[in-house]
Amino acid sequence: MKHILSQHLGKRSSLIPFLQDIQKEFGYLSTKAIDELSRSTDISANEIYGVATFYTQFRFSPPGEHTVRVCQGTACHVRRGRQILNEVEQQLKIKAGQTTEDRKFDLERVACLGCCALAPVVVVDDKVHARMTAKKISSVLSQYKGRQTRKK
Amino acid sequence: MKLTIDRKAVTAKKDETVLQCALRHDISIPHLCTHSHLSPFGACRLCVVEIEDMPGYPTSCTTPAAEAMVVRTDTAALQNLRRNILALMMLEHPSACLICGRRDLCEEYRPVAEKAGRTTGCHTCNNKNVCEVRTLAEELGFCDLPIPPSYHHRPVDRSNPFIDRDLNLCILCGRCVRICKHQHGTATIDFVDRSSKTHISQAFDRSLLDAGCRFCGSCVDVCPTGTLADRYAKWYPKPDTITKSTCIFCEQACALKLEANKGELVTARAVNEDIPICVLGRFAIPEFLNSTDRLRMPYVRVGKVLRETQWKEALKTTAAKLKEFIGDGFMLVCDTTSTLEDRFVFKKFTRKVMKSKNYIEIEPNYRGISLSSLPKGTKAVLLTGKFVPSSQLNGLELLIVQDCFGTNVSQRADVVLPAAIFAEVNGTILDGSGQKRPLHKACDPPGQAKAEWWIISKLAQAMGAKGFAYRSAGAISKELGISKAKLWVKRDQAPEAAQDLERRRTFFRGHRICEKVFALRELPIRDSSVPSRAVSKRTDGFQILEKYEIAPNVHEIVIQAPNVAKKAQPGQFVIVMVDEKSERVPFTLCDWDAEKGTITLIVLEVGQSSRKLVLLEAGDRIDHMVGPLGIPLEIKQYGTVVLTGGCYGIGAILRIAAALREAGNHVIVIVEGRSHYKHYYKEKLETVCDELIQTTIDGSLGIRGHAVDVVGQKLKDGEKIDCVVAVGCLFMMMLTTRETKPYGVKTLVALNPIMLDGTGMCGACRVTVDKEMKFACVDGPFFDAHLVDWDELRDRRVAYSAEEIHLVGRTESVAPYPGHGDNCRCLR
Ligand code: SF4
Ligand code: SF4
Ligand code: SF4
Ligand code: FES
Ligand code: FES
């Protein structure tokens with residue numbers, strides 16, 4: 001943290017690069033990190049938080065082990081992408097944007113992953129699972145349940 | 001710079017925007033997000049104008065005025081555009097009252113906003129009297145909404161001291177965020193989240209206090225809606241006087257704008273809105289001065305007791321007693337929070353009349369503490385505050401206390417004289433730099449309290465002294481040679497306490513301020529380990545089994561009460577006492593289950609007692625309940641019966657409808673709500689009637705209008721209606737009565753006056769029906785609507801609203817700061 005602060009301080013640059021570096025380092029923006037940043041920049045934690053929550057890229061709780069992205073782009077949408085998302089939400093017992101209690105999975109909805117031909121798609125970490133159906137979901141998820149691959 | 005606005009030639013100053021220039025020339029342009037103390041923001045877009053050679057509709061608040069500009073502010077296209085912008089804004093704001101066709105009648109019957117927990121329309125909004133949105137809607141002509149409005153169902157935040165926040169009213173104009181930044185350099189509140197979830201909050205949704213708020217109240221003052229409110233002042237009617245005076249809590253002597261209603265102080269704000277004042281100046285003064293602990297009458301000791309008396313007798317007794325102590329055995333102690341005029345009289349009295357050199361004037365320390373000790377040989381003392389620990393008073397022969405609050409010292413006094421202080425008096429004080437600052441009387445003192453110079457002058461006169469015949473504080477200033485003092489408006493810096501809460505004063509003349517202004521106990525002298533308040537759970541009483549807020553501000557409460565459930569009949573009610581000290585309030589029995597032994601009430605939060613009830617949760621218990629009370633509705637074959645219900649009445653007609661239908665009637669149920677989200681119980685009602693009609697004021701669900709409009713239409717169409725039963729607020733029942741009268745249709749209303757015992761003894765629930773006095777609790781609740789004296793009923797219902805306004809700000813569970821007990825850290 002100190003190292004990140006010293007890199008940016010003095011430069012009256014905007015907050016965003018600061019926040020990006022913190023997130024890269026720690027995986028998320030903790031209360032501690034934001035408070036520390038506030039102290040060294042004289043911008044209140046409230047303002048920093050306000051800025052950070054404006055962007056989807058920042059998160060405020062430790063990330064899960066695996067990120068599940070369900071595409072809701074046009075192509076996936078017409079191929080019932082919504083149903084896929086519902087199914088994943090039900091199985092993981094969380095809503096899009098949340099993390100499971102055991103911190104195994106993050107669930108995100110994304111607009112388009114650029115592989116519309118494979119619609120509907122679900123991407124877990126970096127692996128694309130194409131032409132998903134509600135039925136296939138549990139088998140896809142179970143592939144990851146035991147595995148311990150810390151993503152970067 | 002010369003330019004033209006609406007064909008009028010005007011000159012703009014340097015750096016002026018088009019909006020500023022227009023306003024300065026009395027050309028009005030609607031605007032909302034902009035504020036005279038803030039830099040332009042350009043968020044609301046209401047201030048759009050047309051400017052020649054500029055494309056589209058620029059916002060005048062962000063466009064700099066320029067040479068030879070030609071501006072139009074009032075074309076039909078602009079007005080239309082603004083109306084649409086306002087309508088879009090109102091899609092996420094409770095806006096039904098703005099388009100209601102019965103606004104005028106409603107104003108007449110409900111002049112003061114109802115003290116609702118959540119605001120779902122102007123008539124339950126604390127901002128009603130001063131609302132900028134309402135004014136805009138009137139100016140622009142508010143049109144129908146393009147789609148049904150939405151309600152965010154956000155919790156109302158009342159967890160902070162002094163400031164209530166109902167984000168369901170927020171229009172995201174950003175004024176609060178910008179003023180906070182302006183006042184303090186960096187903001188406590190900011191926009192959090194994006195798109196439709198954007199709202200005003202603090203980092204990680206911390207409380208205002210934890211986020212570093214100084215409670216300067218600036219955000220409350222600039223908010224154009226009812227979102228941010230001063231908890232103490234919010235339900236007072238519009239102030240009738242505004243007086244400028246000076247704060248005497250500390251030597252900073254901030255200039256204050258004091259607003260009073262009928263002689264009672266309601267709000268204090270900074271005169272110079274550009275510089276914040278501290279929490280005491282902004283929030284503490286009205287509650288401090290209006291405290292129930294104030295001394296209101298003179299008291300004279302008779303044997304062991306202090307007896308209340310009149311001034312004449314008090315002065316006579318005091319004068320006689322004092323005569324025995326002329327000389328240095330007498331001492332007068334005051335501090336510098338008394339005005340120069342007061343102190344002049346004190347000193348003159350001590351020297352000339354009492355012939356004593358012991359006149360002591362204390363300068364309070366940085367916490368406001370003024371302490372003195374008594375020199376040996378002191379026999380008689382006159383104290384103008386709690387300046388001496390009560391343990392030191394043992395050897396005294398005469399103790400006179402002239403103070404604003406009763407204390408353990410005044411308890412021991414021989415004479416107690418009630419003093420008017422602060423905003424209740426005229427005079428002059430000195431600020432920290434030795435400048436004279438004026439006090440102007442802004443409100444009435446409590447009871448018979450009098451200005452301090454008055455009391456001592458009268459005392460001197462009663463002792464036969466000459467030279468004390470002052471008629472006003474001004475006469476004393478003249479004798480003192482005080483020229484006109486000026487308010488400290490133009491200062492360069494905010495007082496320290498406005499930037500750091502911990503630097504505020506905690507005492508005033510020996511009285512702990514937080515004992516009179518409860519919410520101060522929540523503020524630091526900071527300590528991170530504030531334990532949560534231990535709530536003792538009761539094990540007797542009636543247990544609440546379920547509780548839901550089924551519509552905004554409407555709570556469904558299921559209570560275990562087997563004996564009530566066994567006997568209940570349609571139309572009856574219960575009287576509930578939430579705790580041993582609360583008011584007794586009647587609630588209609590909405591549903592019951594004799595087998596399970598439960599009853600269901602629908603409770604709206606509209607005042608202190610209902611708030612206490614809805615703050616309870618499932619599992620909690622209420623202290624006391626009596627019922628079922630009242631005469632049940634006569635269930636017989638009427639023919640076609642129309643039941644109308646609004647607010648709690650929607651739930652209250654459930655069992656009535658069921659019973660009437662079972663008795664073979666054709667039952668039509670018409671329920672009204674301001675907007676679609678105010679409706680509930682649709683499925684339940686459908687099972688107990690032959691026809692269910694829902695109405696909304698804004699037309700977002702069912703038929704547009706009030707329930708009574710449907711009744712009227714049916715009557716006009718010649719439909720056969722044999723009986724109408726209306727249950728709801730007074731206004732709604734009165735409206736129904738008006739509508740059915742010309743048709744001579746039998747109409748019954750369930751009256752809801754204030755009740756006490758509910759057994760016909762106290763007379764609180766008196767109503768006049770057919771020129772006869774009836775008791776709603778035993779003769780009612782149902783009465784023939786066409787015979788009721790509605791005006792009397794309306795007046796009786798608001799009989800205690802002033803008292804209630806006082807109380808409602810205090811029922812919140814404000815956790816006391818643990819240090820304010822015996823070894824209160826305010827003392828440090
Ligand atoms: S802020 Fe309150 S008074 Fe103003 S329009 Fe909204 S509900 Fe009505
Ligand atoms: S009360 Fe003052 S410090 Fe607190 S949020 Fe409002 S403007 Fe900011
Ligand atoms: S709380 Fe009030 S001042 Fe702040 S953004 Fe909302 S409406 Fe505007
Ligand atoms: S006042 Fe100009 S955009 Fe709001
Ligand atoms: S409530 Fe006392 S007589 Fe009715």
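Residues numbered from 1 in each chain as written. Chains lettered and ligands numbered in written order. Predicted model: local features only at pLDDT ≥ 70, side-chain atom pairs only at ≥ 80, totals over all residues. Heavy atoms only, no water.

Visitor: Can you walk me through the overall build of chain A in this structure?
Guide: Within chain A, the regular secondary structure consists of seven helices and four strands. Start at the N end of chain A and walk to the C end: the helices and strands fall as α-α-α-α-β-α-α-β-β-β-α. In chain A, which comprises 152 residues, the share counted as buried stands at 45%. Considering only residue pairs separated by 6 or more positions, chain A has 59% of its internal contacts joining residues 24 or more positions apart. Accessible area of chain A: about 8,700 Å², with a carbon and sulfur share of 51%. In chain A, 25 positive and 15 negative side-chain charges are present, and the distance between their average locations comes to 8 Å. (Helix = DSSP H or I, 4+ residues; strand = E, 2+ residues; numbered from the N terminus. Buried < 20%, exposed > 50% of the residue type's maximum accessible area, 1.4 Å probe, protein only. Contact = heavy atoms within 4.5 Å. Areas by Shrake-Rupley, 256 points an atom, 1.4 Å probe, with all protein chains shown as cover. Lys, Arg positive; Asp, Glu negative; His and termini not counted. Charge placed at Lys NZ, Arg CZ, Asp CG, Glu CD.)

Visitor: What am I meant to see in the sheet that holds strand E10 (residues 255–261) of chain B here?
Guide: Two pairing modes exist for strands in a sheet, parallel and antiparallel, and in both the strands are linked by backbone hydrogen bonds. All names here are of chain B. Overall, antiparallel pairing links the three strands, which are arranged E9-E10-E11 in an open sheet. Here the strands that pair on one side only, and so sit at the sheet edges, are strand E9 (241–246) and strand E11 (264–270). On average, adjacent strands in this sheet sit at an angle of 30 degrees to one another, irrespective of strand direction. Where E10 meets E11, six bridges bridge the pair, whose relative direction is antiparallel. Note that in E11 the partner of Leu258 across the bridge is Ala268. (Pairing = 2+ DSSP bridges. Axes fitted to C-alpha atoms, helices over the stretch in contact; angles between N-to-C directions.)

Visitor: Explanation requested: the sheet that holds strand E2 (residues 8–11) of chain B in the structure shown.
Guide: All names here are of chain B. One open sheet holds the four strands; their spatial order is E2-E1-E4-E3, and the pairing between them is mixed. Where the open sheet ends on each side, the last strands, each with one partner, are E2 and strand E3 (50–51). By the bridge criterion, two bridges tie E3 to strand E4 (residues 70–72) in an arrangement that is antiparallel. Counted as the bridge partner of Ile51 is Val71 from E4.

Visitor: Looking at this model, I keep getting lost on the nonpolar core. Mind explaining?
Guide: Residues and elements named next belong to chain B. Ranked by size, the top nonpolar core spans 96 residues in total, and within it Phe162, Phe215, Phe249, Phe349 and Leu520 carry the most contacts. A total of seven residues in this core trace back to one element, the largest contributor, which is helix H8 (residues 279–289). Dropping the residues within four chain positions of it, Phe215 is found in contact with Asn160, Pro161, Phe162, Ile163, Leu208, Leu209, Cys278, Val279, Arg282, Phe283, Leu501 and Leu523. If you look at the next biggest cluster of nonpolar residues, it comprises 31 residues, including Val671, Leu685, Cys689 and Leu748. (Core = buried A, V, L, I, M, F, W, Y, C linked by side-chain atoms within 4.5 Å.)

Visitor: Whenever I open this one, the site of ligand 1 confuses me. Can you help?
Guide: Around ligand 1 sit His93(B), Pro94(B), Gly121(B), Cys122(B), Cys125(B), Lys128(B), Cys131(B), Val133(B), Arg134(B), Thr225(B) and Gly226(B), and those are all the residues in its vicinity. Classifying every residue of the shell around ligand 1 by side-chain character gives five nonpolar, four polar and two charged. (Near = heavy atom within 4 Å. Nonpolar A, V, L, I, M, F, W, Y, C, P; charged D, E, K, R; others polar.)

Visitor: What am I meant to see in helix H3 (residues 31–41) of chain A here?
Guide: Each turn of an α-helix holds 3.6 residues, which means side chains three or four residues apart point in the same direction. All names here are of chain A. Within H3, burial applies to Ala33, Ile34, Leu37, Ser38 and Thr41. One side of H3 holds all its buried residues, which, seen down the axis, span an arc of 135 degrees. Seen from the buried face of H3, the exposed residues on the opposite side, beyond 90 degrees, are Lys32 and Arg39. Just past H3, the residue Asp42 takes up positive phi, approximately 65 degrees. (Arc of directions from axis to C-beta.)

Visitor: Looking at this model, I keep getting lost on the site of ligand 2. Mind explaining?
Guide: Close to ligand 2 lie Ile163(B), Cys180(B), His184(B), Thr188(B), Ile189(B), Cys213(B), Arg214(B), Phe215(B), Cys216(B), Gly217(B), Ser218(B) and Cys219(B). Only helix H6 (175–184) and helix H7 (218–222) of chain B provide two or more residues apiece to the shell around ligand 2.

Visitor: Any chance you could explain the domain arrangement of chain A here in plain terms?
Guide: It is common to report an interface's size as the accessible area lost on association of the parts. The assigned domain composition of chain A is domain 1 (2–54) and domain 2 (66–145). Its C-alpha centre places domain 1 of chain A at a distance of 31 Å from the equivalent point of domain 2 of chain A. (Domains from an automatic or database assignment.)

Visitor: For this particular structure, what's the right way to read the environment of Glu324(B)?
Guide: Residues and elements named next belong to chain B. The residue Glu324 is located in the loop between helix H9 (311–323) and strand E14 (330–335) in this model. The class of Glu324 is exposed, set by a relative accessible area of 65%. With 198 residues separating them in the primary sequence, Glu324 and Glu522 have C-alpha atoms 48 Å apart.

Visitor: Help me out: how do you make sense of the pairing of E2(B) in this one?
Guide: Regular strands place side chains that alternate from one sheet face to the opposite one. All names here are of chain B. Pairing analysis gives four bridges linking strand E1 (residues 2–5) to E2, with the strands arranged antiparallel. When the sheet's bridge partners are listed, Lys2 is paired in E2 with Thr11. Connecting the antiparallel pair E1 and E2 is a turn made up of two residues, with Asp6 showing a positive phi of about 50 degrees.

Visitor: Is there a simple way to think about the pattern of salt bridges in this case?
Guide: Note on pairing: side chains with opposite charge can pair once their charged atoms come close. Residue and element names in this part refer to chain B. Within the structure shown, the criterion is met by 50 salt bridges over all chains. Across the pair Asp230 and Arg282 runs a salt bridge whose closest N-O atoms are separated by 3.2 Å. Of this pair, Asp230 sits in strand E8 (residues 228–230) while Arg282 is found in helix H8, placing the two residues 52 residues apart along the sequence. The buried category is assigned to Asp230, whose relative accessible area is 8%. Measuring nitrogen to oxygen at the nearest pair gives 3.1 Å for the salt bridge that ties Glu452 to Arg509. In this pair, Glu452 is assigned in helix H12 (residues 452–462) and Arg509 in the loop between strand E22 (507–508) and strand E23 (511–512), connecting sequence segments 57 residues apart. With a relative accessible area of 1%, Arg509 lands in the buried category. Through salt bridges with shared partners, a single ionic network connects Asp221, Asp230, Glu259, Arg269 and Arg282. (Salt bridge = Lys/Arg side-chain N within 4 Å of Asp/Glu carboxyl O.)

Visitor: Looking at this model, I keep getting lost on the confidence of the model for chain A. Mind explaining?
Guide: Any region with low pLDDT has predicted coordinates that should not be read closely. Here chain A averages 82 in pLDDT, while 91% of its residues score no lower than 70. Across chain A, the secondary-structure element scoring lowest on mean pLDDT is helix H1 (residues 2–8) of chain A, at 72, and the one scoring highest is helix H4 (residues 45–54) of chain A, at 90. (pLDDT = per-residue confidence, 0-100.)

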